[in-house]
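# Geometric and topological summary
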Amino acid sequence: MSILVELQSRFRAALAGLVDDPSEFLKLVQPAADAQFGDYQANLAMPLGKRLGKPPREMAQQVLQRLDVADLCKQPESAGPGFINLQLRDDWLGNHLQTLLGDGRLGAASATVARRFVIDYSAPNIAKPMHVGHVRSTVIGAALDRTLRFLGHRVISDNHIGDWGMQFGMILYGYKHLRNEAAYEQNPVAELSRLYRLVNLLVGYHEDMAALPELKSRLERQEQVVAEMVAQPPPTEKAALKQAAKALGRAEDQIDQLRKLLSSTHERIARIEGDPGVEHLARAHPDIRSAVLAETAKLHAGDAENRRIWRNVLPACRDEIDRIYRRLQVTFDYTLGESFYEDKLAGVVEDLERRGIARPSNGATCVFIEGHETPFLIRKQDGAFLYATTDLATIQYRMQTWQPDAILYVVDHRQSLHFEQLFATARQWGYRDVELQHVSFGTVLGDDGRPFKTRSGDTVGLESLLDEAVSRALAVVSASDEKKPGRDAAREDNRGQIAEAVGIGAIKYADLSQNRTSDYIFSYDKMLAMNGNTATYMQYAYARVRSIFAKGNVDLAAIRQDAVPISLAHSAERSLAVAIAQFPEALGLVVADYRPNHLTSYLFELANRYSTFFENCPVLKAETHALRASRLKLCDLTARVLKLGLELLGIRVVEKM
Ligand code: ARG
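Here's a quick rundown of the structure.

Rules used in this analysis
Residues numbered from 1 in each chain as written. Predicted model: local features only at pLDDT ≥ 70, side-chain atom pairs only at ≥ 80, totals over all residues. Heavy atoms only, no water. Pairing = 2+ DSSP bridges. Helix = DSSP H or I, 4+ residues; strand = E, 2+ residues; numbered from the N terminus. Axes fitted to C-alpha atoms, helices over the stretch in contact; angles between N-to-C directions. Contact = heavy atoms within 4.5 Å. Core = buried A, V, L, I, M, F, W, Y, C linked by side-chain atoms within 4.5 Å. Buried < 20%, exposed > 50% of the residue type's maximum accessible area, 1.4 Å probe, protein only. Near = heavy atom within 4 Å. Polar contact = N/O pair within 3.5 Å; in protein donor to acceptor, adjacent residues only side chain to side chain. Areas by Shrake-Rupley, 256 points an atom, 1.4 Å probe, with all protein chains shown as cover. Nonpolar A, V, L, I, M, F, W, Y, C, P; charged D, E, K, R; others polar. Phe/Tyr/Trp six-rings, centres within 6.5 Å; stacked < 30°, edge-to-face > 60°. Lys NZ or Arg CZ within 6 Å of the ring centre and 35° of its normal. Patch = residues over 30% accessible without salt bridge, like charges linked within 9 Å, V, L, I, M, F, W, Y side chains within 5 Å. Salt bridge = Lys/Arg side-chain N within 4 Å of Asp/Glu carboxyl O. Arc of directions from axis to C-beta.

### Here's the deal with the sheet that holds strand 2 (residues 40-42)
The strands that make up a sheet are held in pairs by hydrogen bonds between backbone atoms, and each pair lies either parallel or antiparallel. Read across the sheet, four strands follow the order 1-2-4-3 without closing on themselves; strand pairing throughout is antiparallel. Across the chains shown, the open sheet's two edge strands, defined by having one partner strand only, are strand 1 (29-31) and strand 3 (77-79). Pairwise comparison of adjacent strand axes, ignoring direction, gives a mean angle of 30 degrees for this sheet. Of the strands in this sheet, strand 1, strand 2 and strand 4 (83-86) touch helix 1 (residues 3-15), which is tilted by about 155 degrees from strand 1. Its contacts with the sheet put helix 4 (residues 56-66) on strand 3 and strand 4, and the angle it makes with strand 3 is roughly 170 degrees.

### Let's talk about the nonpolar core
Formed by 177 residues in total, the largest nonpolar core has its most connected members in Phe11, Leu97 and Leu599. Tallying contributions element by element places helix 9 (residues 188-231) first for this core, with twelve residues. Aside from chain neighbours lying at most four places away, what touches Leu97 is Ile566, Ala577, Ile580, Ala581, Leu634 and Leu637. Counting 31 residues, the second largest nonpolar core, distinct from the first, contains Phe376, Ala393, Phe419 and Val434.

### Remarks on the pairing of strand 5 (residues 116-120)
Each regular strand carries side chains that alternate between the two faces of the sheet. With four of its five residues buried, strand 5 lies for the most part within the structure. As paired elements, strand 5 and strand 6 (residues 154-158) share five bridges and run parallel to each other. Among the inter-strand pairings, Ile119 is bridged to a residue of strand 6, identified as Ser157. In the sheet, strand 5 pairs with strand 10 (residues 406-412) via four bridges, with the strands oriented parallel. Paired with Phe117 across the two strands is Ala406, which belongs to strand 10.

### Structural notes on the site of the ligand
Close to the ligand lie Asp120, Ala123, Asn125, His134, His160, Tyr387, Asp391, Tyr409, Val411, Gln415 and Phe419. Measuring from a nitrogen atom of the ligand, one finds a backbone N or O atom of Ala123 at 2.9 Å. Relative to its unbound accessible surface of 350 Å², the ligand loses 90% to contact with the protein. Those elements that place two or more of their residues in the shell around the ligand are helix 15 (387-402) and strand 10. A class-by-class count of the residues in the shell around the ligand yields five nonpolar, four polar and two charged.

### Topic: the environment of Pro47
Mapped onto the secondary structure, Pro47 falls in helix 3 (residues 45-52). The sequence separation of Pro47 and Met59 amounts to twelve residues, and the corresponding C-alpha distance is 9.6 Å. Not counting the four nearest positions on each side in its chain, Pro47 is found in contact with Phe25 and Leu28.

### Brief notes about the packing of aromatic side chains
Going through the model one piece at a time under the given rule, you end up with 21 aromatic pairs. Centroid distance Tyr341 to Tyr397: 5.8 Å. Interplanar angle 75 degrees. Geometry classified as edge-to-face. Note that Tyr341 is positioned in the loop between helix 13 (304-328) and helix 14 (345-354) and Tyr397 in helix 15, a separation of 56 residues in sequence. Relative to Phe423, the ring of Tyr409 has its centre 5.5 Å away and its plane inclined at 40 degrees; by these criteria the two rings are tilted. Highlighted residues: Tyr409 in strand 10 and Phe423 in helix 16 (residues 416-429), separated in sequence by 14 residues. Accessibility classification places Tyr409 together with Phe423 in one group, the buried group. An aromatic cluster is present here, built from Tyr334, Phe340, Tyr341, Tyr397 and Trp402 joined pairwise through their rings. Here Arg179 stacks its cationic end above the ring of Tyr184, 6.0 Å away from the centre of that ring.

### Quick look at a nonpolar patch on the surface
A surface patch of nonpolar side chains, about 230 Å² in accessible area, is lined by Val225, Met229 and Val230. Of note, Met229 is situated in helix 9. The partly exposed category is assigned to Met229, whose relative accessible area is 31%.

### Structural notes on the sheet that holds strand 8 (residues 364-367)
Read across the open sheet, the three strands follow the order 7-8-9; overall the sheet is antiparallel. Unpaired on one side and paired on the other, strand 7 (358-361) and strand 9 (376-379) mark the two borders of the sheet. Strand-to-strand, the axes of this sheet are offset by a mean angle of 40 degrees, without reference to chain direction. In the sheet, strand 7 pairs with strand 8 via four bridges, with the strands oriented antiparallel. When the sheet's bridge partners are listed, Ser361 is paired in strand 8 with Ala364. Here helix 16 sits on the sheet and contacts strand 8 and strand 9; the angle it forms with strand 9, its principal contact strand, is near 70 degrees.

### Remarks on the pattern of salt bridges
If you walk through the whole model with that rule in mind, you get 41 salt bridges. Here Glu279 ties to Arg283 by a salt bridge, and the two come within 2.9 Å at their closest N and O atoms. Of this pair, Glu279 and Arg283 are both found in helix 11 (residues 276-284), four residues apart, which corresponds to roughly one turn of the helix. Glu279 sits in the partly exposed class, given a relative accessible area of 22%. A salt bridge links Asp593 to Arg595, with the nearest nitrogen and oxygen atoms 3.3 Å apart. Several salt bridges converge on common partners, so that one network encompasses Glu320, Arg323, Arg327, Glu463, Asp467 and Glu500.

### A short note on the environment of Ala506
Within the fold, Ala506 resides in helix 18 (residues 489-513). A C-alpha to C-alpha distance of 28 Å links Ala506 and Ile407, two positions 99 residues apart in sequence. Beyond its immediate sequence surroundings of up to four residues, Ala506 is in contact with Met527, Leu528, Ala535 and Thr536.

### Structural notes on helix 4
The set of residues buried in helix 4 consists of Met59, Ala60, Val63 and Leu64. Buried residues of helix 4, viewed axially, fall in a sector of 135 degrees; they line one side. Turned more than 90 degrees from where helix 4 packs its buried face, Arg57 and Gln65 sit exposed. Residues of helix 4 that are buried make contact with helix 1, helix 3, strand 3 and strand 4.

### Considering unusual backbone geometry
Located in the positive-phi region is Leu106, a residue other than glycine, with phi close to 50 degrees. Along the polypeptide, Leu106 turns up in the loop between helix 5 (90-101) and strand 5. Under the relative-accessibility criterion, Leu106 is labelled buried at 3%. If you check the backbone angles, Ala123 has positive phi at about 45 degrees while not being a glycine. Position of Ala123 relative to the elements: it lies in the loop between strand 5 and helix 6 (132-150). Classification of Ala123 by relative accessible area gives partly exposed; the value is 21%.

Fair warning: the whole summary comes from geometry, so function is off the table for now.
Here you go:
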């Protein structure tokens, strides 16, 4: 059970008859921010008093008279201007923990109303190397997937891979004109990835070259504008003077921006021209951009050769991403990529046109959405369908096939506009009862505060990222070993596996512990810190508890069944017990707004309370046998919550660290 949910339902009963809809007030029943005010607080007397025109203190008294929590809490108190403080009864808490000892779910009941979710996550564009943004989607998506399933919901995970877009046009072009046959034979994916990068580079070069004159003349015009502004005699009136200065500032800012743009364009061009091999290729392929578009169009139109190449390279690309998934221990129920919807796109556009939802505009087809300046483009002038069209077909397919209650898209925040327009269009199309959610997330940044890149300027390839984390984890684990007396040969053999769990866990946890909507700075040192809100700290805490059992030769099955009551006499014991009992609450928060960081914060708090407990309360050397058993029970529950909590986040624990 979730204590919070239980208390809220008690308050609901108490408020019945006082107000029509108590829901908004129930949100004000919360875990206490400060332990000195008890375990839970209800700060609803003030808004309630406002609503009913009564002083808050009187309101609090009235609620208290109607509130029935005697079985759970000590006599509630009202403090200050009507805050209601609740403290759990120790006997109740002790008994509750006793039942948790025999409960594999550690108190987290299955949802009373099971919902059906489709979760769309990971979704890399498979001809390109997967990057750190896709890890974030994969890791957050997988954590939500596991948590929802654990809570008894029906989850269908669907990896909407990009296997059909312009990136394949690049691969096709590269394959036909730039392939190194020997390299391809030896390692097709590496060669394809090289081809993709190369073609992308060449296309970018010609785009930059084409943009240059326009950029230069925009800068000149802007400089002219500023020169004219400066030449004007300054206005005499104070307000006008201020205005003019502001306008000048803005115009100068624009110059700055244009200069920056121009210099980064020049830099990119210089990089190509400074590399004789690439420069030669750039000259030899002047029309590469339109050729790539043409290859993409041919693939889509069913050109036999392009389809054949596409079918041939696809398995290698899929193998590549599957390798990463194996390492991250992520699996999907379905992987229906963009290509799966290819034959449904024309029908989607037709249907939307027939219903008057989409209409022609300058030769293209668009959906115009209230409140949006730019329309949602679903067919281009040249007849090509877009990412948007595919996403509409995908919604239709998912609704017909699985009838979900909700579809979650774990995709980075730069696609917000796309999803707003997609959802608005889907609603008009008739999909009104399904919850459509963009579970968006921020950018992973480097030390310099800019999107995370390697020294060479590439977005970081995922595999090297994992390798690096694992090799650093190995260093951390080995260093901690050396501090221990004696050698443990079995353990040394095991180090590689431990390092894999620690390294991959660190990366996942770093992604999950951030409020997903914020950007965060990627740092190996921080994510592998032994102290702080990291997986390493949590895994270490787990291993520490487990080592107590090993050291004391503890028979856990016997301890769990032992009838000796759990002692909460020491404040550190009690505070740990409350945290253990709050595990279901943390899961409730995660699924309420799809934020796994509620669970990481909870686990961090739990681990900290355990640490205080451990410093203050001897376990194996407890004064009496009964106290020893009681404390071992708290240890057992802590370890199990840590393990299950981390598992739901996709992170493995290790028995020794
Ligand atoms: N392939 C896309 C990208 O890498 C993400 C796709 C997300 N899912 C979706 N249904 N649009 O940016």
